[in-house]
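Listed here are the chains, written in short residue letters.
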Amino acid sequence: MSKQVDIDWSHLGFTYIKTDQRYVSRWQEGQWDQGKLVGDNMLTISEASTALHYGQQCFEGLKAYRRKDGKIQLFRPDQNAKRMKKSCERLLMPEIPEEKFIDACIQVVRANEHYVPPYGTGATLYLRPFIIGVGDTIGVSPAPEYIFSVFCMPVGPYFKGGMVPVNFTVSDYDRAAPQGTGAVKVGGNYAGSMMPHQVAVDRGFADCIYLDPKTHTKIEEVGAANFFGITKADQFITPQSPSILPSITKQSLLHVAKEYLSLGTEERDVYIDKLDEFKEAGACGTAAVITPIGGIEYQEKLHVFYSEKEVGPITQKLYDTLCGIQFGDVEAPKGWVVEI
Ligand code: PLP
Ligand code: COI
């Protein structure tokens, strides 16, 4: 490692840490500039920027992993680039070419290599690419200029404790509208989720689960992770809906479940009053990794899946295999990891 940093790697949470370098590229007069690494973590933008007033911005989240041999790898950055393209299309922002996105991520990891947690600590380097509309616009129309940036920080578990069961409660609020922006990773979805999240936390839950905004009968997702359940017949089931964020972790788990663990898999409706069909359940995402769900509270009753204290055996196997691939201990499907 190039430099030493004094961090208690095994006790990191999911909090901002300023690292040394971030990548910044600007879009002006119809094109992205070369982009460069900068030390300053402050951005100076016009007070009339569309990102500030109308939420014209999107972001991504991916991680770099330290392998046992000391090398570093990214997990499926092409998928994040593709999803960011969809977010840009939806908000009329210029897209970032996939190669530029991946190159920016690689540059940021290399420049902050000493912040990539050591293998075996369970911690990772979280990368946060984002695009914001900037420049002088006050009407509700696309910005004249944009900034694409990627910063990073070492992180531990998103939900306290990591691979331990947590309870969720079903929210009365919607995270997204049926034909809205739920399927893209735009800030507005998250601004609206802060209050329902707080209500859930104040009542002792880790977070809330949203139901589908049209009928309020089917599980949609968690505020920052997708849902999955394991049926009594060992099927990996995850909701299908046009208003959930298509999780790259979920897509990866569908493959892991089928190809590595020989489970049946299906994306389909998951009815909130039919939780009995599942013997285990979990939340999955880049930040959440796999977080086992102990129970879900709905209409004042807590439905417990496997246990509120222990991790179910299939959830454990999914976790071990996914993390094994991400940390380089288990052979990855072709194209899933990018060595740095
Ligand atoms: N759902 C929401 C709302 C999220 O914010 C995230 C995090 O990115 C996910 C699901 C999980 O997606 P991924 O696995 O691509 O990180
Ligand atoms: C992620 O898992 O990367 C997320 O973006 C979740 C959250 C921190 C918003």
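Our subject is the structure listed above.
The paragraphs below set out a description of the structure included in this document. Predicted model only: the values in this text are computed from it and were never measured.

1. Some points on the pairing of strand β6 (residues 72–75)
Taken residue by residue, a regular strand's side chains alternate between the two faces of the sheet.
Part 1: Of the two faces of β6, the one holding I72 and L74 and the one holding Q73 and F75 are both buried throughout.
Part 2: Two strands pair when backbone bridges link them, and strand β5 (residues 62–66) and β6 are joined in this way by 3 bridges, in the antiparallel orientation. Counterpart to A64 in the pairing with β6 is L74.
Part 3: Counting the residues in the hairpin turn of β5 and β6 gives 5 residues, including G70, whose phi is positive at 90°.
Part 4: With 3 bridges connecting them, β6 and strand β18 (residues 337–339) associate as antiparallel partners. Note that in β18 the partner of L74 across the bridge is V338.

2. Thoughts on the nonpolar core
Part 1: With 37 residues, the main nonpolar core has F101, L127, I131 and F148 as its most contacted residues.
Part 2: The dominant element in this core, judged by the number of residues it contributes, is helix α3 (residues 98–111), at 7 residues.
Part 3: Apart from the residues within four sequence positions on either side, F148 is in contact with Y23, V24, S25, W32, M84, I96, F101, A104, P129, F130 and I131.
Part 4: Formed by 21 residues, the second largest nonpolar core is a distinct cluster that contains I219, V222, L275 and A283.

3. A short note on the environment of K274
Part 1: Mapped onto the elements, K274 comes out in the loop between β14 (264–267) and β15 (278–285).
Part 2: For K274, a relative accessible area of 48% gives the class partly exposed.

4. Examining the packing of aromatic side chains
Each aromatic ring pair is summarised here by two numbers: the centre-to-centre distance and the angle between the ring planes.
Part 1: Tallied over the entire structure, the rule returns 16 aromatic pairs.
Part 2: With centroids separated by 5.0 Å and ring planes inclined at 70°, the aromatic side chains of F14 and Y126 adopt a geometry described as edge-to-face. Separated by 112 residues along the polypeptide, F14 in the segment before β1 (22–28) and Y126 in strand β7 (residues 124–134) bring together distant segments of the chain.
Part 3: Judged by its relative accessible area of 5%, Y126 falls in the buried class.
Part 4: With a centroid separation of 5.1 Å and 85° between ring planes, the pair formed by Y65 and F327 is classed as edge-to-face. Of this pair, Y65 sits in strand β5 while F327 sits in the loop between α7 (313–326) and β18, and the two are 262 residues apart along the sequence. Residues Y65 and F327 agree in their burial class; the two are buried.
Part 5: Among the aromatic residues, ring-to-ring pairing joins F14, Y126, Y158, F159 and F168 into one connected group.
Part 6: For the cation-ring pair, K274 lies above Y271, with the distance from its terminal atom to the ring centre recorded as 5.3 Å.

5. What about the site of ligand 1?
Part 1: Neighbouring ligand 1 are 16 residues; Y190, E221, S247, T249 and T286 lie closest to it.
Part 2: Separating an oxygen atom of ligand 1 from a backbone N or O atom of I248 is a distance of 2.8 Å.
Part 3: For ligand 1, an oxygen atom lies 2.6 Å from a polar atom in the side chain of T286.
Part 4: For ligand 1, whose accessible area on its own is 380 Å², the fraction buried by protein is 97%.

The rules we used
Residues numbered from 1 in each chain as written. Chains lettered and ligands numbered in written order. Predicted model: local features only at pLDDT ≥ 70, side-chain atom pairs only at ≥ 80, totals over all residues. Heavy atoms only, no water. Buried < 20%, exposed > 50% of the residue type's maximum accessible area, 1.4 Å probe, protein only. Helix = DSSP H or I, 4+ residues; strand = E, 2+ residues; numbered from the N terminus. Pairing = 2+ DSSP bridges. Core = buried A, V, L, I, M, F, W, Y, C linked by side-chain atoms within 4.5 Å. Contact = heavy atoms within 4.5 Å. Phe/Tyr/Trp six-rings, centres within 6.5 Å; stacked < 30°, edge-to-face > 60°. Lys NZ or Arg CZ within 6 Å of the ring centre and 35° of its normal. Near = heavy atom within 4 Å. Polar contact = N/O pair within 3.5 Å; in protein donor to acceptor, adjacent residues only side chain to side chain. Areas by Shrake-Rupley, 256 points an atom, 1.4 Å probe, with all protein chains shown as cover.

Purely geometric stuff here, so don't read any function into it on its own.
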